[in-house]
Amino acid sequence: MAIDNYRIVSEPVFGDMSGMAKASMDWRRLAHNVEALAALTEAPLMAMVKADAYGHGAVPAARVCAEAGAARLGVASLREAWRLRRLADLAETPVMAFLYTPEQPGLAETIEAGAELGISSLAGLAAVAAAAERAGTPARVHLKGDTGISRGGVAEHEWEAFAEAAAKHRAAGAIDVVGAWSHLACADEIGHPANGMQKAAFERFLAALGAAGLEPEVRHLANSAALIADPETHYDLVRPGIALYGYNPVPRIPVDLKPVMELRSSVAAVKRLPAGTGISYGHTRHLERDSNVALVPLGYADGVPRAASGRAEVYLAGRRRPVLGRICMDQFVVDLGDDAVAPGEPVVLIGAGEHHPDADDWSAWAGTIPNEILTGIGARVPRYWNRGVE
Ligand SMILES: *Cc1c(COP(=O)(O)O)cnc(C)c1O
């Protein structure tokens, strides 16, 4: 399988930089997650590989997802779509981009390159139709209704006008209407009243399109949470993101998902310090007793959230150990107690082992969600895709 060939997706500058940090992706786990999610639904999958596949590397992730059976790919920006359209081995896998401004350069080129476009406003529809004329080929579009997230999508009072304008552009040959879609605000909260309201609104959106003679084949509403929690949202396509990468946004419903990324560093230096010593910026923490401390050369510039200071733990020399004091831009300090640890000892920040912290732990420590932890891994950390990191 071609996947074995692309091992390093960001170029290390000085050979193997894994001493400082290394994000290792196991393609078999990603393929496993695609299959585990596909088993939950009759609908095909649009694998969301936006934001560099949630920090994992968009190109290899897209290839693995497609090989594992994902029918489509989803990204946010035109640039991301472009990059994927240029890969010959993914020529048969449609890519949808959905975030752009109507006046943005590159719309015509994106249409020409064969990417599909989500359309979230009347102005966006007009711009895409005009760009399609410049490109000399109809734009393949997914019309988006705002069913209650109040973010992207056309508001309900404009659905009729949107549908009529789309029908007009279709008749003129400027667009092919491939899809109709929306996005849920509270899918991770089972039983939240917004879910039922949004499903009903989505039906009204489809009816508004139907009244203008539009019956898109691909109706889609579900993100990871809705895919896991609510089959009524599956329609003709589901759009998992975070679950592909191994994190379940609805932990009440167990799904056999495996974290795809491991983030490791290694100890840069160790020293003995006396009880009472203040540690790191602000001296927010003082040693309670004489202790060995380890310096780990990874910081918030690399995506280790400063907000996790005082709570975070890493796996080092056989067990979890607390991070002491503030996490800095490039480094943090770990409490070793009396244990002797040599420089170079591996440090696991995100791992898949039983005692390893994972992105769920970091999100709890930092008051966020694993999506933000994974997408926040910095550009300084080289990404490796390998045969397995068990
Ligand atoms: C990011 C995104 C998804 C995936 O969301 P997850 O919660 O990560 O599964 C699905 N659809 C759209 C439109 C998105 O922007």
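A brief look at the structure comes next. Here the residue numbering is sequential within each chain, running from 1 through the sequence in written order. Given that this is a predicted model, residues contribute local features only at a pLDDT of at least 70 and side-chain atom pairs are listed and counted only at 80 or more, while totals for whole chains, interfaces and linings are drawn from all residues. Only hydrogens and water are removed before side-chain values are computed, so all heavy atoms of the structure are retained for them.

1. Notes on the overall build of the protein chain
Piece 1. A run of H or I in DSSP counts as a helix once it spans at least four residues, and a run of E counts as a strand once it spans at least two, with each numbered from the N terminus. Helices and strands together make up the secondary structure of the protein chain, namely 11 helices and 19 strands.
Piece 2. The classification of residues rests on relative accessible area computed with a 1.4 Å probe and restricted to protein chains. Under 20% of the type maximum is buried, over 50% is exposed, and intermediate values are partly exposed. Counting the 390 residues in the protein chain, one finds 54% classified as buried.
Piece 3. Here, residues are in contact when the closest pair of their heavy atoms is within 4.5 Å. Taking as baseline every contact in the protein chain between residues at least 6 positions apart, the subset at least 24 positions apart corresponds to 68%.
Piece 4. Note that accessible areas follow from Shrake-Rupley with a 1.4 Å probe, and for residues the cover is restricted to the protein chains shown. Only carbon and sulfur atoms are counted for the fraction: they give 51% of the accessible area of the protein chain, which is about 16800 Å².

2. Let's talk about helix α8 (residues 193–211)
Piece 1. The terminal C-alpha atoms of α8 lie 27 Å apart, and with 19 residues this matches the ideal 27 Å at 1.5 Å per residue to within 8%.
Piece 2. Buried residues along α8 sit against β6 (139–144), α7 (159–171), β7 (175–181) and β8 (218–222).
Piece 3. Taken from the residues just after α8, glycine 213 is the one with a positive phi, measuring 85°. The span you would expect from a helix comes to 1.5 Å times its residue count less one.

3. A short note on unusual backbone geometry
Piece 1. For aspartate 52, which is not glycine, the phi torsion reads 55° and is therefore positive.
Piece 2. Position of aspartate 52 relative to the elements: it lies in helix α2 (residues 50–55).
Piece 3. Residue class for aspartate 52 comes out partly exposed when judged on its relative accessible area of 31%.
Piece 4. The phi angle at tyrosine 54 is positive, at roughly 50°, despite the residue not being glycine.
Piece 5. Residue tyrosine 54 is classed as buried on the basis of its relative accessible area of 8%.

4. What to know about the packing of helix α1 (residues 27–38) against helix α3 (residues 58–67)
Piece 1. Running from N to C, α1 and α3 cross one another at 45°; their axes reach a closest spacing of 9 Å. With respect to each other, α1 and α3 are oriented oblique. The handedness of the crossing between α1 and α3 is right-handed. Contact residues: α1 offers Trp27, Leu30, Ala31 and Val34, while α3 offers Ala61, Val64 and Cys65. Axis definition: a line fitted to C-alpha atoms, limited for helices to the stretch in contact. Angles are taken between N-to-C directions and run from 0 to 180 degrees. In what follows, roughly perpendicular refers to angles from 65 to 115 degrees, roughly parallel to angles under 35, roughly antiparallel to angles over 145, and oblique to any angle outside these ranges. Crossing handedness: left-handed means the near helix sits turned counterclockwise from the far one by under a right angle, and right-handed means the same turn made clockwise.

5. Focus on the pattern of salt bridges
Piece 1. In the sections that follow, a salt bridge refers to a side-chain nitrogen of Lys or Arg positioned within 4 Å of a carboxyl oxygen of Asp or Glu. This model, assessed by the stated rule, comprises 18 salt bridges.
Piece 2. Here arginine 204 and glutamate 156 are joined by a salt bridge, their closest N and O atoms 2.8 Å apart. Within this pair, whereas arginine 204 is found in helix α8, its partner glutamate 156 is found in the loop between β6 and α7, the two being separated by 48 residues in sequence.
Piece 3. Across the pair glutamate 232 and lysine 199 runs a salt bridge, and its minimum N-O distance is 2.7 Å. Taken together, the positions of glutamate 232 in the loop between α9 (224–229) and β9 (237–238) and lysine 199 in helix α8 put the pair 33 residues apart, joining distant regions of the chain.
Piece 4. Because the salt bridges share partners, they merge into one network encompassing Asp26, Arg28 and Arg29.

6. Re helix α6 (residues 122–135)
Piece 1. Taking 1.5 Å of rise per residue, the 14 residues of α6 would be expected to cover 20 Å, and the 20 Å separating its terminal C-alpha atoms lies within 8% of that figure.
Piece 2. Buried within α6 are the following residues: Gly124, Leu125, Ala127, Val128, Ala129, Ala131, Ala132 and Ala135.
Piece 3. Against the buried residues of α6 lie α5 (107–112), β5 (116–119), β6, α7 and β7.
Piece 4. Positive phi appears at glycine 136, one or two residues downstream of α6, with a value of about 75°.

7. Quick look at the packing of aromatic side chains
Piece 1. Put simply, two rings from Phe, Tyr or Trp (the six-membered ring, in Trp's case) pair if the centres are within 6.5 Å, and we call them stacked under 30 degrees between planes, edge-to-face over 60, tilted for the rest. Tallied over the full model, the rule gives six aromatic pairs.
Piece 2. On the numbers, 5.0 Å between centres and 80° between planes, the contact of phenylalanine 202 with tyrosine 235 is edge-to-face. One end of the pair, phenylalanine 202, is in helix α8; the other, tyrosine 235, is in the loop between α9 and β9, and 33 residues separate them in sequence.
Piece 3. Residue classification places phenylalanine 202 among the buried residues on the basis of a relative accessible area of 0%.

8. Considerations on the sheet that holds strand β2 (residues 46–48)
Piece 1. If you walk across this open sheet you meet the eight strands as β2-β3-β4-β5-β6-β7-β8-β9, and the pairing is parallel. At either end of the open sheet lies a strand with only one pairing partner, and these are β2 and β9.
Piece 2. The pairing criterion is simple: DSSP has to find at least two bridges between the two strands. In this structure, strand β4 (residues 95–97) lies alongside β5, joined through two bridges in parallel fashion. Considered in β5, the bridge of alanine 97 is made with leucine 117.
Piece 3. Packing of helix α4 (residues 78–85) onto the sheet brings it into contact with β3 (72–75), β4 and β5, and relative to β4 it is tilted by some 165°.

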